[in-house]
Amino acid sequence: MATLRRTALAVALLGATLAPAAAADSFSPAQRDEIGRIVREYLVKHPDVLQEAYQELEKRQAAAEAEKHKSAVKDHAPMLFASPRQVVLGNPNGDVTMVEFFDYNCGYCKHAMADMLALLKSDPKLKVVLKEFPVLGPGSVEAAKVAAAVHLQDKSGKKYLEFHTKLLGGRGQADKARALSVAKEIGMDVGRIEKDMDGPAVMEVLKESAILSQALGLNGTPSYVVGDQVVVGAVGLAALKEKINTARCGKASC
């Protein structure tokens, strides 16, 4: 109880120090000086209080952000989890869906690919959805267009996954030429890809990702949606497993 009172006081004091000018104008100069003196004296005697206040405010902000994400996921669930244009890997009827937004030129995505493949191998009840999210320049956009066109030829996702792992796992800059080279290597119809990659079906794929990224507040890759949670960054296999378990059974370990 004492800790709760102390934290509440810390937040109140921080609020006083960060009060907007409009609120400060409601006090006379003498009152403002007195408030400042009281706050300074207290903080000198209790230097750890300000740190506690910031930690508490960060905790509250994180909770508010999580609720905002949950609402956005709910509002965009059909496009996020069941779009007819998306790539689906693993169990299409899985009890948990993990959506990954990625860029073929993202170094962190290259490392995160191993996590996704490990999850596909170890979790037969997991549905994985891949969303093209080219944010790292024209080459990324070109590669994403080729990838979406590859998927038009392979609704099962098997050839797409082969393309995905070869392009994302390879060296050098991903762009149209390199993506087409990978597509040819795995036996896709490159002529059709070149025709489809600027067509309306591919444009819709990229449009959906743009809409979802804006709604969810995503600005980097990799980013994930697991259940109703938004996860930003290459957090690693263990953290992804915990998020999947939380979505599945409400605990970090089921």
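Residues numbered from 1 in each chain as written. Predicted model: local features only at pLDDT ≥ 70, side-chain atom pairs only at ≥ 80, totals over all residues. Heavy atoms only, no water.

Undergrad: Would you mind going over the overall build of the protein in detail, with residue names and values included?
TA: From N to C terminus, the protein includes 12 helices and five strands. For the protein, with 254 residues in total, the buried portion stands at 39%. Accessible surface for the protein amounts to roughly 13600 Å². Of this, 56% is attributable to carbon and sulfur atoms. (Helix = DSSP H or I, 4+ residues; strand = E, 2+ residues; numbered from the N terminus. Buried < 20%, exposed > 50% of the residue type's maximum accessible area, 1.4 Å probe, protein only. Areas by Shrake-Rupley, 256 points an atom, 1.4 Å probe, with all protein chains shown as cover.)

Undergrad: Before we move on, could you go through the pairing of strand S5 (residues 229-232) and cite the residues and values that matter?
TA: Relative to S5, strand S4 (residues 223-226) runs antiparallel, the two being bridged by four bridges. Residue pairing in the sheet places Val 225 in a bridge with Val 230 of S5. (Pairing = 2+ DSSP bridges.)

Undergrad: Provide a residue-level description of the sheet that holds S4, including the pertinent values.
TA: By way of backbone hydrogen bonds, the strands of a sheet pair with one another, either parallel or antiparallel. Reading across the sheet, the five strands line up as S1-S3-S2-S4-S5 and stay open at both edges, with mixed pairing between neighbours. Two strands close off the open sheet at either side, each with one partner strand: strand S1 (87-90) and S5. Going across the sheet, the axis of each strand differs from the next one's by a mean of 20°, ignoring polarity. Summarising the sheet, strand S2 (residues 96-102) and S4 pair through four bridges and their orientation is antiparallel. (Axes fitted to C-alpha atoms, helices over the stretch in contact; angles between N-to-C directions.)

Undergrad: Before we move on, can you summarise the side chain of Lys 145 with the specific residues and values?
TA: Residue position: Lys 145 is located in helix H7 (residues 138-153). Owing to a relative accessible area of 18%, Lys 145 belongs among the buried residues under this scheme.

Undergrad: Explain the state of the cysteines to me, and be specific about the residues and the numbers.
TA: Under the counting rule described, the total for this entry stands at one disulfide. Between the sulfur atoms of Cys 249 and its disulfide partner Cys 254 the distance amounts to 2.1 Å. On the sign convention where negative is left-handed, the bridge of Cys 249 and Cys 254, at about -100° about the S-S bond, is left-handed. The partly exposed category is assigned to Cys 249, whose relative accessible area is 34%. (Disulfide = S-S within 2.5 Å.)

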